[in-house]
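Structural description and commentary
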Amino acid sequence: GENVEQHPSTLSVQEGDSAVIKCTYSDSASNYFPWYKQELGKRPQLIIDIRSNVGEKKDQRIAVTLNKTAKHFSLHITETQPEDSAVYFCAASSPGGPSTGNQFYFGTGTSLTVIP
Amino acid sequence: NAGVTQTPKFRILKIGQSMTLQCTQDMNHNYMYWYRQDPGMGLKLIYYSVGAGITDKGEVPNGYNVSRSTTEDFPLRLELAAPSQTSVYFCASSIRPISGNTIYFGEGSWLTVV
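Residues numbered from 1 in each chain as written. Chains lettered and ligands numbered in written order. Predicted model: local features only at pLDDT ≥ 70, side-chain atom pairs only at ≥ 80, totals over all residues. Heavy atoms only, no water.

This part takes up the overall build of chain A. Scanning chain A for helices and strands turns up zero helices and eleven strands. Mapped in sequence order, the helices and strands of chain A form the string β-β-β-β-β-β-β-β-β-β-β. In summary, chain A has a C-alpha radius of gyration of 14 Å against a globular reference of 13 Å for 116 residues, a match within 12%. On the principal axes, the C-alpha backbone points of chain A span a range of 50 × 30 × 20 Å. Here chain A, with 116 residues, has 44% of them falling under the buried criterion. Considering only residue pairs separated by 6 or more positions, chain A has 54% of its internal contacts joining residues 24 or more positions apart. Working note: accessible area of chain A is about 5,600 Å², and carbon and sulfur atoms make up 48% of it. With 10 positive and 12 negative side-chain charges, chain A shows a spacing of 5 Å between the two charge centroids. (Helix = DSSP H or I, 4+ residues; strand = E, 2+ residues; numbered from the N terminus. Rg over C-alpha atoms; globule rule 2.2 N^0.38 Å. Buried < 20%, exposed > 50% of the residue type's maximum accessible area, 1.4 Å probe, protein only. Contact = heavy atoms within 4.5 Å. Areas by Shrake-Rupley, 256 points an atom, 1.4 Å probe, with all protein chains shown as cover. Lys, Arg positive; Asp, Glu negative; His and termini not counted. Charge placed at Lys NZ, Arg CZ, Asp CG, Glu CD.)

This is the structure we're talking about:
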C-alpha cells in the first residue's frame, strides 16, 4: 500500500517568515494530495489540495507544489501569523476501485509554531 | 447541512466494557471511514466502507467492529475495551470518487480506557 512520509515533525518560525513542510509518497497511482490543518482539540480541516495533473496551486498565503516524478509534494505558508500555529497533515489518495474506494494515507503530521 | 456528526465527544470506559461510537453524515457520501489518532501521531485507518452493506478493514482493525446498514450511519463498536484503545477517534466521509475527492472529518471522540 501507499506510504506517506512527512518532514519535519516540528517546525518553529518567526512571525512573518515562511514555513515549508514536505511529504513523499510511494504509490505512483496516487493522484490527489490534500493538506489538513488541525488545531488543538479540533478536527482536521482541509486547507488546500492538489490533483496530479497540476504542478502548483495557490490560495492566498498558502501554496502546494507537486513533483510527480520524484513523488513528493510540499506545503508553503508565507507571511506566517500566530494563528497558523497548528498541526499540519499531508495525505495521498488513489482512486482505488469500486470495492476498495479511494484510500487516504496520512503523514504523521508537522507541529508548526509561529513565534510572535 | 451538519456534515459529519459523531457522538459521544468524551467517554471514559473501564477495561472490558463495550461501547459504540456513533457517526452519521448528511452529505449523501458513499464512502465512510473511522480513524484513530494517538497523541502526537498521525491518523490510522481502522475500518472503512464504500457503501451501505459493505465494510472492510483498514490498518488497525483489531478490537473493533463496524456496520453500515444505511448510507448515513457508520457506527464503530469496541467490544472489550483495552487501555491501548485510549485515543481520539475520527469518523470521516467522502463522495464517490472519480479522480479523488476530499475527506470530511467529524469533530472527534475522546476515549479513555482505565
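Once the structure has been displayed, the description carries forward.
Estimates place the volume of the largest pocket at around 450 Å³. Contributing to the lining of the largest pocket are 24 residues, with Gln38(A), Val87(A), Gln37(B), Pro39(B) and Gly40(B) lying nearest its centre. Counting only elements with at least two residues in the lining of the largest pocket, the list comes to β9 (86–94) and β11 (110–115) of chain A together with β9 (87–94) of chain B. Partitioned by chemical class, the residues of the lining of the largest pocket number nine nonpolar, twelve polar and three charged. As for the second largest pocket, its lining consists of Glu2(A), Asn3(A), Val4(A), Tyr105(A), Phe106(A), Gly107(A), Thr108(A), Met41(B), Gly42(B), Leu43(B), Lys44(B) and Glu59(B). Those elements that place two or more of their residues in the lining of the second largest pocket are β10 (103–106) of chain A together with β5 (43–51) of chain B. (1 Å grid on protein atoms, 1.4 Å probe; cavity = no way out; pocket = protein on both sides within 12 Å on 5 of 7 lines; lining within 4 Å. Points joined across faces, edges and corners; volume = space filled by probe spheres on them. Nonpolar A, V, L, I, M, F, W, Y, C, P; charged D, E, K, R; others polar.)

This part takes up the packing of aromatic side chains. Overall, the coordinates contain 15 aromatic pairs over all chains when judged by the stated rule. For the ring pair Phe33(A) and Phe73(A), a centre distance of 4.8 Å and an interplane angle of 45° mean the geometry is tilted. Placement of Phe33(A) in strand β4 (residues 32–38) and of Phe73(A) in strand β8 (residues 72–77) is noted, with a sequence separation of 40 residues between them. Residues Phe90(B) and Phe105(B) carry aromatic rings whose centres are separated by 6.1 Å and whose planes lie at 85° to one another, so their mutual orientation is edge-to-face. With Phe90(B) in strand β9 and Phe105(B) in strand β10 (residues 104–105), this residue pair connects regions lying 15 residues apart in the sequence. Residue classification places Phe90(B) among the buried positions, given a relative accessible area of 0%. Among the aromatic side chains, those forming a connected cluster through ring pairs are Tyr32(A), Tyr36(A), Phe104(A), Phe106(A), Tyr33(B), Tyr35(B), Phe90(B) and Phe105(B). Above the plane of the ring of Phe74(B) lies Arg68(B), whose end atom (NZ or CZ) is 5.9 Å from the centre. (Phe/Tyr/Trp six-rings, centres within 6.5 Å; stacked < 30°, edge-to-face > 60°. Lys NZ or Arg CZ within 6 Å of the ring centre and 35° of its normal.)

Turning to the state of the cysteines, a few remarks are in order. Every disulfide links exactly two cysteines, by a covalent bond between their sulfur atoms. All names here are of chain B. Under the defined criterion, the tally for this structure stands at two disulfides over all chains. For Cys 23, the disulfide goes to Cys 91, at an S-S distance of 1.8 Å. Taking the sign of the S-S torsion, -75° for the link of Cys 23 and Cys 91, the bridge is left-handed. Placement of Cys 23 in strand β3 (residues 19–25) and of Cys 91 in strand β9 is noted, with a sequence separation of 68 residues between them. With respect to class, Cys 23 is no different from Cys 91; both count as buried. (Disulfide = S-S within 2.5 Å.)

The values are spatial; any link to function lies outside them.
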